[in-house]
Amino acid sequence: MSKKAVLAVTVAVAFMLGSAPAWARDKGAQGSGSSGGMKESLNLTSDQQAQMKALGAAHQKKAKPLQDQARVKIKELKALVAAKAGDDAINAKLAELKTVRVAMQELQASFMEQREKILTPEQRAKMALMRNERMGDRNDEKDGLKGKKDLKTEKDHTPDTKE
């Protein structure tokens with residue numbers, strides 16, 4: 001098997017595994033798991049809470065088969081790599097995996113669009129800000145900075161002393 005195929009498999013598996021937290025993270029927004037945070041932060045009405053819960057349940061029902069398909073495709077891809085299958089077989093499996101991944105992304109986009117229709121403009125703005133903060137936290141985690149002060153400004157700070 002070529003180095004290119006091995007790299008493609010590695011990237012595909014990492015991409016699929018990396019997307020799992022995104023699916024899990026949105027459970028709170030869907031009305032299951034820790035939905036209290038969204039309910040409190042956005043000040044959802046009881047009607048909005050019921051709509052979000054129903055939407056989340058419907059989304060999970062549609063997403064589960066796609067998630068299961070992705071897991072199967074990854075296992076099949078791993079088996080192909082372990083068996084040192086040819087590039088054609090690996091490329092075909094990667095294409096299948098990509099098809100499932102695209103379907104998952106489309107489903108997620110549809111869910112987010114439907115969810116936003118339930119919210120008021122102010123609630124949508126708050127949600128966008130919460131999402132931005134969460135993305136900032138994830139970027140800090142990747143950089144190893146979560147929970148730490150800005151080291152550059154702390155390091156560069158010297159007390160003003162006049163002699």
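Above this note sits the structure.
This is a predicted model, so every value here is computed, not measured.

1. Examining the overall build of the protein
Logical step 1: Looking only at helices and strands, the protein features 7 helices and 0 strands.
Logical step 2: Reading the secondary structure of the protein in the N-to-C direction produces α-α-α-α-α-α-α.
Logical step 3: Counted over contacts in the protein with a minimum sequence separation of 6, partners at least 24 positions apart contribute 72%.
Logical step 4: Counting only carbon and sulfur atoms, one obtains 56% of the accessible surface of the protein, whose full area is about 11200 Å².

2. Topic: the packing of helix H4 (residues 46-82) against helix H5 (residues 87-118)
A pair of packed helices is characterised by two quantities: the angle between their axes and the separation of those axes.
Logical step 1: Relative orientation of the contacting elements H4 and H5 amounts to 170°, with a least axis distance of 9 Å. Our classification of the angle between H4 and H5 gives roughly antiparallel.
Logical step 2: When its residues are assigned to classes, the contact of H4 with H5 shows 19 nonpolar, 8 polar and 6 charged.

3. Let's talk about H4
Logical step 1: Helix length check: H4, at 37 residues, gives a terminal C-alpha distance of 52 Å against a target of 54 Å (1.5 Å per residue), a fit within 8%.
Logical step 2: The largest bend in H4 comes to about 30°, at Ala63, with the proline Pro65 one to four residues further on.
Logical step 3: Here H4 has its buried residues at Gln48, Met52, Leu55, Gly56, His59, Ala63, Leu66, Ala70, Lys73, Ile74 and Leu77.
Logical step 4: Just beyond H4, the residue with positive phi is Lys84, at close to 55°.

4. Some thoughts on unusual backbone geometry
In terms of backbone geometry, most residues other than glycine have negative phi values and most peptide bonds are trans.
Logical step 1: One non-glycine residue with positive phi stands out, namely Asn43, at about 55°.
Logical step 2: Relative to the elements of secondary structure, Asn43 occurs in the loop between helix H3 (36-42) and H4.
Logical step 3: Of note in the backbone geometry, Lys84 takes a positive phi value of approximately 55° without being a glycine.
Logical step 4: Along the chain, Lys84 falls in the loop between H4 and H5.
Logical step 5: By relative accessible area, Lys84 is classed as exposed at 68%.

5. Focus: the pattern of salt bridges
Logical step 1: In this structure the tally under the stated criterion is 8 salt bridges.
Logical step 2: Across the salt bridge formed by Glu96 and Lys73, the nearest N and O atoms sit 3.0 Å from each other. One end of the pair, Glu96, is in helix H5; the other, Lys73, is in helix H4, and 23 residues separate them in sequence.
Logical step 3: On the basis of relative accessibility, which here comes to 31%, the residue Glu96 falls in the partly exposed class.

6. Points about the environment of Lys98
Logical step 1: Residue position: Lys98 is located in helix H5.
Logical step 2: Residues Lys98 and Lys73, spaced 25 residues apart in sequence, show a C-alpha to C-alpha distance of 9.6 Å.

Procedures and definitions
- Residues numbered from 1 in each chain as written.
- Predicted model: local features only at pLDDT ≥ 70, side-chain atom pairs only at ≥ 80, totals over all residues.
- Heavy atoms only, no water.
- Helix = DSSP H or I, 4+ residues; strand = E, 2+ residues; numbered from the N terminus.
- Contact = heavy atoms within 4.5 Å.
- Areas by Shrake-Rupley, 256 points an atom, 1.4 Å probe, with all protein chains shown as cover.
- Axes fitted to C-alpha atoms, helices over the stretch in contact; angles between N-to-C directions.
- Parallel < 35°, antiparallel > 145°, perpendicular 65-115°, else oblique.
- Nonpolar A, V, L, I, M, F, W, Y, C, P; charged D, E, K, R; others polar.
- Expected span 1.5 Å × (residues − 1).
- Bend = angle between axes of the 7 residues up to and from the residue.
- Buried < 20%, exposed > 50% of the residue type's maximum accessible area, 1.4 Å probe, protein only.
- Salt bridge = Lys/Arg side-chain N within 4 Å of Asp/Glu carboxyl O.

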